[in-house]
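Summary of structural features
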Amino acid sequence: MKTGAVIVAAGHKWKNGTFQPMVPVGDSTVIRRIIITLKQAGIAPVVVVTGNQGDELEKHISKLRVICLRNEQYAETQMFYSVCMGLKYIEDLCDRVLVMPAKFPMFLQDTVKRLLESDADLTYPVCGGQKGHPMLVSCRLISRILSYKGE
């Protein structure tokens, strides 16, 4: 099964106003660490939905061979809009998709590999009873997600 990823990096800010995808993590940044971990686990294609600071972010990850989509309406839309942008693009390119916001860089390649062992239509890691990221979504669910019109 071919597995891709959608990383939503359109407008995340910490309470202090720092743009989360560009926050340093060791000798890297949040967004670069996420992309590299996914690629090391064999995930391709990787789609990054940008918006806020899009030019800077896209330049920062340009050598990582990812697909960047720009949500020009990031300030007026919810994160779900950016997720749908990514899913629309990737739905015909793979069998399932890892979906995550660009603010959780500390997951392991092993976590991704364990998720990939599941044949469920939707699965996610759980730690200490808390649901986590990335979520693994079967492409069978994407049309239902894209047609959702709720809050």
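These notes cover the structure that comes with them. (Residues numbered from 1 in each chain as written. Predicted model: local features only at pLDDT ≥ 70, side-chain atom pairs only at ≥ 80, totals over all residues. Heavy atoms only, no water.)

1. Notes on the sheet that holds strand S7 (residues 122-123)
- Strand order in this open sheet of six strands is S5-S4-S1-S6-S10-S7, and the pairing throughout is mixed. Here the strands that pair on one side only, and so sit at the sheet edges, are strand S5 (67-70) and S7.
- Pairing analysis gives six bridges linking strand S1 (residues 3-9) to strand S6 (residues 96-101), with the strands arranged parallel. The partner of Ala5 across the bridge, within S6, is Leu98.
- Against the sheet, helix H1 (residues 30-40) engages S1, strand S4 (46-50) and S6, with an angle of about 175 degrees to S1.
- Where helix H5 (residues 139-147) meets the sheet, it contacts S6, S7 and strand S10 (135-138), and its direction lies at approximately 95 degrees from that of S10. (Pairing = 2+ DSSP bridges. Helix = DSSP H or I, 4+ residues; strand = E, 2+ residues; numbered from the N terminus. Contact = heavy atoms within 4.5 Å. Axes fitted to C-alpha atoms, helices over the stretch in contact; angles between N-to-C directions.)

2. Things to note about the pairing of S6
- With respect to burial, S6 is a largely interior element, six of its six residues being buried.
- Of the two faces of S6, the one carrying Arg96, Leu98 and Met100 and the one carrying Val97, Val99 and Pro101 are both buried.
- As paired strands, S6 and S10 are joined by four bridges and run antiparallel to one another. Considered in S10, the bridge of Val99 is made with Met135. (Buried < 20%, exposed > 50% of the residue type's maximum accessible area, 1.4 Å probe, protein only.)

3. Some points on unusual backbone geometry
- Between Ala44 and Pro45 the backbone carries a cis peptide bond, its omega angle lying at 0 degrees.
- If you trace the backbone, Pro45 turns up in the loop between H1 and S4.
- Positive phi is not limited to glycine here, since Gln53 has a value of about 55 degrees.
- Position of Gln53 among the secondary structure elements: in the loop between S4 and helix H2 (54-60).
- The backbone of Arg65 shows a phi angle near 55 degrees, a positive value even though the residue is not glycine.
- With respect to the helices and strands, the residue Arg65 is situated in the loop between H2 and S5.

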